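# Remarks on the overall topology
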Amino acid sequence: APAGDAPNGRHFPEGFLWGSATASYQVEGAVHEGGRGATVWDTFSHTPGKVHNGDTGDVADDFYHRYKQDIQLMKEMGLKACRFSVAWSRIFPTGTGSPNAAGVDFYNRLVDTLLAAGVQPYCTLYHWDLPQTLEDKGGWENRDTAKAFADYAAYTAGKLSDRVRHFMTMNEMRSFVEIGYGSGTHAPGKKLAPGPLAQLTHNVVLAHGMSVQSIRASTKAGTRVGIADNATATTPIIENEEHIAAARKAMREENAMFLSVILDGKYSEHYLKRLGADAPKFTAEELKTISSPMDFVGINIYTPLFVRADRSEKGYAVVPWTSTYPTMASPWLKIGPEALYWGPKLLADVWGVKEIYITENGASSADVLAPDGEIYDTDRTMYLRNYLMHLQRGITDGVPVKGYFLWSLLDNFEWADGYEKRFGITYVDFKTQKRTPKLSAKFYEEVIRQNRVV
Ligand code: GBH
């Protein structure tokens with residue numbers, strides 16, 4: 001065999017779940033069809049100055065109409081699983097009240113088409129598109145939103161659970177909390193003071209816990225419930241004992257208000273102390289609900305947080321970025337493949353999580369069509385290859401990662417960056433809706449075919 005053909009230790013376990021991920025508002029379009037109600041992202045993207053170039057998700061990838069062709073693409077690539085999100089306002093146009101049958105029908109068709117193509121559906125119930133009606137009543141600042149979410153999640157999961165076995169309550173709580181209600185650069189564009197923001201954060205983790213319980217109550221036995229959290233992947237600057245110990249401490253602290261309270265059932269003392277008078281008010285009963293046991297934990301991993309040991313009370317310090325640190329097309333997307341080793345590894349070591357999915361990982365790149373009509377995204381391919389090597393390394397060390405969902409199947413509406421930043425392994429011409437698999441798609445196809453990093 002020619003050099004390079006031999007198996008060389010980069011294999012994944014048999015049955016490893018290779019997938020891709022998308023989210024409703026980023027791909028569906030058809031915002032006025034099928035009885036869908038308005039969401040905070042419709043309002044935000046139609047507010048001048050909020051999204052790059054004035055882009056909106058009105059059409060996006062037109063996935064609402066083109067999902068069959070896109071599932072065909074998944075099949076051709078050999079994908080085993082697809083992570084998608086349900087638009088709450090397609091099911092309950094005003095967030096609560098009576099369900100909209102046309103909305104349920106769309107996700108029924110989507111799930112049926114996936115299954116017919118041999119692709120396992122993984123369903124996220126909330127990927128940031130809050131019904132506008134609920135935002136008008138205070139959004140996540142209002143405790144009633146948590147109850148509304150638990151009801152919507154139970155109803156939707158109940159409708160799909162005869163065919164969908166895995167549900168994730170929420171995607172990236174930290175992102176929609178801190179950017180949506182803190183810095184205000186995502187929908188709904190609010191800038192809350194630290195106290196109200198901490199209370200809102202508490203409502204969000206409470207909503208997660210309430211929905212874990214309500215989904216369990218409304219679905220078939222054996223339904224698996226988890227989350228897709230953008231856990232901060234604390235990564236030791238040097239892999240030695242003292243810095244690894246620091247990274248372990250940092251994992252708990254840096255995720256204090258989301259994953260840690262969910263998995264520990266309490267807020268860390270440092271977190272409460274740091275907030276002082278701004279700390280959230282909560283009851284023991286609420287902490288119990290927030291920490292309702294999950295069947296798996298999904299983490300979205302892009303960029304590491306490098307930490308080092310130090311003699312402070314916390315026992316670690318965050319290492320700042322150098323101005324020359326290699327970065328993909330989005331300034332926040334620093335290339336740190338070790339994050340895909342340390343993120344899941346610390347999740348397993350610190351909390352004993354037994355079933356982990358990488359619910360997102362991927363990269364933006366300045367894709368250009370070459371004269372031959374191909375897109376040679378060698379940088380995205382390099383990024384994926386290196387991250388996957390570290391994922392494989394972790395699994396070899398015994399970290400229980402069961403699947404990997406690449407963000408994203410398609411170029412799509414990248415929130416405040418509009419269509420400027422492309423994350424797809426499939427190129428989308430937004431004028432014609434033509435799909436062209438990039439080099440990275442062919443790379444991923446080969447990874448899946450050989451079940452190893454190629
Ligand atoms: C994920 O967010 C999302 O789940 C997904 O919807 C998104 O398309 C994908 O990743 C790619 O971005 O501009 O400095 O304020 C990733 C985490 C959090 C990264 C918010 C960008 C904004 C940084 N994101 N962050 S900044």
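All values reported here derive from a predicted model rather than from experimental measurement.

## Structural notes on the packing of aromatic side chains
This structure, assessed with the given rule, holds 46 aromatic pairs. For the ring pair tyrosine 25 and phenylalanine 413, a centre distance of 5.3 Å and an interplane angle of 90 degrees mean the geometry is edge-to-face. In this pair, tyrosine 25 sits in helix 1 (residues 24–27) while phenylalanine 413 sits in the loop between strand 11 (401–407) and strand 12 (426–429), placing the two residues 388 residues apart along the sequence. Grouping residues by exposure puts tyrosine 25 and phenylalanine 413 together as buried. Here the aromatic residues Tyr25, Trp41, Phe44, Trp128, Phe413, Trp415, Tyr419 and Phe430 are joined through ring pairs into a cluster of three or more. Positioned above the aromatic ring of phenylalanine 106 is the side chain of arginine 90, whose terminal nitrogen or guanidinium carbon lies 5.8 Å from the ring centre.

## Some points on the sheet that holds strand 11
Read once around its circumference, the closed barrel built from eight strands follows the order 1-2-3-4-5-7-10-11, with strand pairing classed as parallel. The mean angle between the axes of side-by-side strands here comes to 25 degrees, regardless of whether they run parallel or antiparallel. Two elements, strand 5 (residues 224–229) and strand 7 (residues 297–300), share two bridges in a ladder whose sense is parallel. Among the inter-strand pairings, alanine 228 is bridged to a residue of strand 7, identified as glycine 298. Against the sheet, helix 9 (residues 194–218) engages strand 3 (120–126), strand 4 (166–171) and strand 5, with an angle of about 165 degrees to strand 4. Across the sheet, helix 14 (residues 339–351) is in contact with strand 7, strand 10 (356–361) and strand 11; its angle to strand 10 comes to roughly 145 degrees.

Rules behind the numbers
- Residues numbered from 1 in each chain as written.
- Predicted model: local features only at pLDDT ≥ 70, side-chain atom pairs only at ≥ 80, totals over all residues.
- Heavy atoms only, no water.
- Phe/Tyr/Trp six-rings, centres within 6.5 Å; stacked < 30°, edge-to-face > 60°.
- Helix = DSSP H or I, 4+ residues; strand = E, 2+ residues; numbered from the N terminus.
- Buried < 20%, exposed > 50% of the residue type's maximum accessible area, 1.4 Å probe, protein only.
- Lys NZ or Arg CZ within 6 Å of the ring centre and 35° of its normal.
- Pairing = 2+ DSSP bridges.
- Axes fitted to C-alpha atoms, helices over the stretch in contact; angles between N-to-C directions.
- Contact = heavy atoms within 4.5 Å.

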